[in-house]
Amino acid sequence: MRAYDIIYRKRMGEELTTEEIRALVSGFVSGEVPDYQMAAWAMAVCIRGMTPRETADLTMAMAESGDQIDLSAIAGRKVDKHSTGGVGDKVSLVLVPLVAACGAPVAKMSGRGLGHTGGTLDKLESIPGFRVELSPEEFVAQVNRIGCAVAGQTGDLVPADKKLYALRDVTATVDSIPLIASSIMAKKIAGGADAVVLDVKTGSGAFMKSLDEAFRLAEAMVAIGRQVGREVAALVSDMDQPLGHAVGNALEVAEAIETLRGFGPKDLEEICLQLGAQMLRLAGVAADGAEARKMLLRALRSGRGLSKLIEMVEAQGGDAGCIRQPVKLPRAQRVVPVTAPEGGYVQSITALEVGVAAQLLGAGRETKESPIDLSVGVVLRKKVGEPVAPGDVLAELHVSDDRRLAEAQERLLGAYRIGPEQPAPRPLVYGLVTDAGTERWA
């Protein structure tokens, strides 16, 4: 099969065969199909789209382009969770131990942060000694022993996606729903879980800015799961303002610990309960979402979720004393308040700008090789809907290096919009997509 013919057929809006898609992906990975042809094909997909069957075929071709993790030695239905990324999204730190405490095995492969969004691995590495690099054997053994593990990718997982994403990033072909959906799902399938729960973020701090786009992406990923024999559920949730109050690695770990103690921000607790309910349902531990929510609340209120986090940290070489006493986590040199110039109500907080402010302080990377400071970040003291008086502290910057402090302060202050009227509450979760269909709640 010639790459030229495959590109031409897609450019004309024709449906590609399974064999054509597999030939294109394998040729690209081997170097037989050059970058310029793959970029042309990606642009044709952006313009013409792909059918659900084509998208599933692309997903499997990419998943099978490298190593795949075999989790069959883990007892029970293994469940994984993935977020499309946001600001202050420390959900996995709460959710993994909480769901495991309810009896569902959680085998989670995570990544590092880039740009204004944080990465779970970076957050966990703010716990001294925590080891994110586990061999496949160690990973499987830990999940069997304690019910959960969070680790970075090992081996050569999904090399086709790595190569294709690098091309998409420089050829204006990132924002194609079939390409986004197959990129995410290829990694989840190669990760070996039986079921996957997705948190598709929408809003100013999310990749999908509009609600309709977020639902289309959620539906595309659930459809891929259906085509390839994986159970998938997707919640569409708000990322117009940061989740919780803390943005920054050690700061987010501390907030996750507070949440597992029952004293965390209500928005963070609620999204964990909703995602966790779907995870327990798909794992076969709970009959339905209502039963699952009760199980999660019992694990949260009893402290079993926190105990499971301590167990996981100890199993992966981390200092569990930091979980028992979060004050031991890395701390920035000083805290700089950002105050309100006027009174009224917080109308909105642009999540993207908060994330950029934290990145400027050193909490995020500009490139994959950039060093990060695990101690720095932002803590919001006022969120949307709350009243403020002139001079009230809107947020605090946790700072160790002053070089970009002024710019971070400007960004953070610019993220807040204050007005005279209290705004109507925004939904935290907009709906759920499963094999049964799409439910829009708001």
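Residues numbered from 1 in each chain as written. Predicted model: local features only at pLDDT ≥ 70, side-chain atom pairs only at ≥ 80, totals over all residues. Heavy atoms only, no water.

1. Digging into the nonpolar core
Stage number 1. Membership of the largest hydrophobic core comes to 90 residues, with the highest contact counts inside it found for Ile127, Leu280, Val354, Val378, Leu397 and Leu412.
Stage number 2. Residue contacts for Leu412: discarding those within four places in its chain leaves Val338, Val354, Ala357, Val378, Leu380, Ala395 and Leu397.
Stage number 3. Val196, Met208, Val222 and Val228 belong to the second largest nonpolar core, which has 64 residues in total. (Core = buried A, V, L, I, M, F, W, Y, C linked by side-chain atoms within 4.5 Å. Buried < 20%, exposed > 50% of the residue type's maximum accessible area, 1.4 Å probe, protein only. Contact = heavy atoms within 4.5 Å.)

2. Quick notes on the pairing of strand β2 (residues 106-110)
Stage number 1. Of all 5 residues that make up β2, 5 are buried, and the element is covered over most of its length.
Stage number 2. Here β2 shows no split at all, with Val106, Lys108 and Ser110 on one side and Ala107 and Met109 on the other all buried.
Stage number 3. For β2 and strand β3 (residues 148-152), the ladder comprises 5 bridges, and the chain directions are parallel. Within β3, the residue paired with Ala107 across the bridge is Ala149. (Helix = DSSP H or I, 4+ residues; strand = E, 2+ residues; numbered from the N terminus. Pairing = 2+ DSSP bridges.)

3. Description of the sheet that holds strand β10 (residues 387-388)
Stage number 1. The 3 strands are arranged β10-β8-β12 in an open sheet whose pairing can be described as antiparallel. Either end of the sheet is taken by a strand with one partner, and the two such strands are β10 and β12 (416-419).
Stage number 2. Where strand β8 (residues 344-349) lies against β10, 2 bridges are found, and the strand directions are antiparallel. Looking across to β10, one finds that Tyr345 is bridged to Pro387.

4. Brief notes about the sheet that holds strand β7 (residues 334-339)
Stage number 1. Ordered by their spatial adjacency, 4 strands build an open sheet running β6-β9-β11-β7, and the pairing between neighbours is antiparallel. Strand pairing shows two members of the sheet lacking a second neighbour, β6 (246-247) and β7, which therefore form its edges.
Stage number 2. Bridge count between β7 and strand β11 (residues 393-399): 6 bridges; the pairing is antiparallel. Among the inter-strand pairings, Thr339 is bridged to a residue of β11, identified as Val393.
Stage number 3. Of the strands in this sheet, β6, β9 (377-380) and β11 are in contact with helix α16 (residues 351-361), which crosses β9 at around 140°. (Axes fitted to C-alpha atoms, helices over the stretch in contact; angles between N-to-C directions.)

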